[in-house]
Amino acid sequence: MAVLAEKPFRFRALHSQLEAHVGEHVDDNALTRSLHRLTRSNLVRVDSKRSGNRLIKTYSLSESGRKQLATYEAIVDAYTHLHLPADQCDGRCPAHDQQQNERAA
């Protein structure tokens, strides 16, 4: 979903971008199944256009997909921050403030 948040992609371009993003091979069948699941869940939108006899599909993140991705990224950011050592916190974090107050007591 993070790759589709950048811009819409056709299948092969999405496949290449996804492999670059994750740094390893992505199976075509796995990507196809994932796109079908995301489409059925209304997280990804498919736009189809005809070019001669060919049907060309372009995949993009739907509004629901953008909201889900933003929620996921916020959870990851919070989790990552909570696992920072207290001395690396910027001082505005209630979780690290509580830890410092407990140490001072």
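Refer to the structure presented above.
This structure is a prediction, so every number in the text was calculated from the model and none was measured. (Residues numbered from 1 in each chain as written. Predicted model: local features only at pLDDT ≥ 70, side-chain atom pairs only at ≥ 80, totals over all residues. Heavy atoms only, no water.)

Give me the lowdown on the overall build of the protein, citing residues and values where you can.
When helices and strands are tallied, the protein shows five helices and three strands. The order of helices and strands in the protein, counted from the N terminus, is α-β-α-α-β-β-α-α. Across the protein, contacts joining residues at least 24 apart in sequence account for 31% of those joining residues at least 6 apart. (Helix = DSSP H or I, 4+ residues; strand = E, 2+ residues; numbered from the N terminus. Contact = heavy atoms within 4.5 Å.)

So, the nonpolar core: which residues are in play, and what are the values?
In this structure, Val-3, Leu-4, Phe-9, Leu-14, Val-26, Leu-31, Leu-35, Val-44, Tyr-59, Leu-61 and Leu-69 together form the largest nonpolar core, which totals 11 residues. Secondary structure elements with two or more residues in this core: α1 (2–6), α3 (28–40) and β3 (54–61). Those residues in contact with Val-26, other than ones at most four positions away along the chain, are His-15, Leu-18, Glu-19 and Leu-31. (Core = buried A, V, L, I, M, F, W, Y, C linked by side-chain atoms within 4.5 Å. Buried < 20%, exposed > 50% of the residue type's maximum accessible area, 1.4 Å probe, protein only.)

Run through the side chain of Ser-62, naming residues and quoting values.
Looking at the secondary structure, you find Ser-62 in the loop between β3 and α4 (63–82). Take Ser-62: its relative accessible area is 11%, and that puts it in the buried class. Residues within four places of Ser-62 in sequence aside, it is in contact with Asn-42, Leu-43, Val-44 and Arg-45.

Please provide a residue-by-residue account of the packing of helix α2 (residues 11–22) against α3, values included.
Running from N to C, α2 and α3 cross one another at 110°; their axes reach a closest spacing of 11 Å. When the interaxial angle is binned, α2 and α3 end up roughly perpendicular. Residue-level contacts link Phe-11, Arg-12, Leu-14, His-15 and Leu-18 of α2 to Asp-28, Leu-31, Thr-32 and Leu-35 of α3. The class makeup of the residues in the contact of α2 with α3 is five nonpolar, two polar and two charged. (Axes fitted to C-alpha atoms, helices over the stretch in contact; angles between N-to-C directions. Parallel < 35°, antiparallel > 145°, perpendicular 65-115°, else oblique. Nonpolar A, V, L, I, M, F, W, Y, C, P; charged D, E, K, R; others polar.)

Give me the lowdown on the pattern of salt bridges, citing residues and values where you can.
Per the counting criterion, the structure on display carries two salt bridges. Notably, a salt bridge pairs Asp-28 with Arg-12, separated by 3.3 Å at the nearest N-O pair. Of the two residues, Asp-28 is situated in helix α3 and Arg-12 in helix α2; the sequence distance between them amounts to 16 residues. Among the residues examined, Arg-12 registers a relative accessible area of 45% and is labelled partly exposed. A salt bridge links Arg-45 to Asp-47, with the nearest nitrogen and oxygen atoms 3.9 Å apart. (Salt bridge = Lys/Arg side-chain N within 4 Å of Asp/Glu carboxyl O.)

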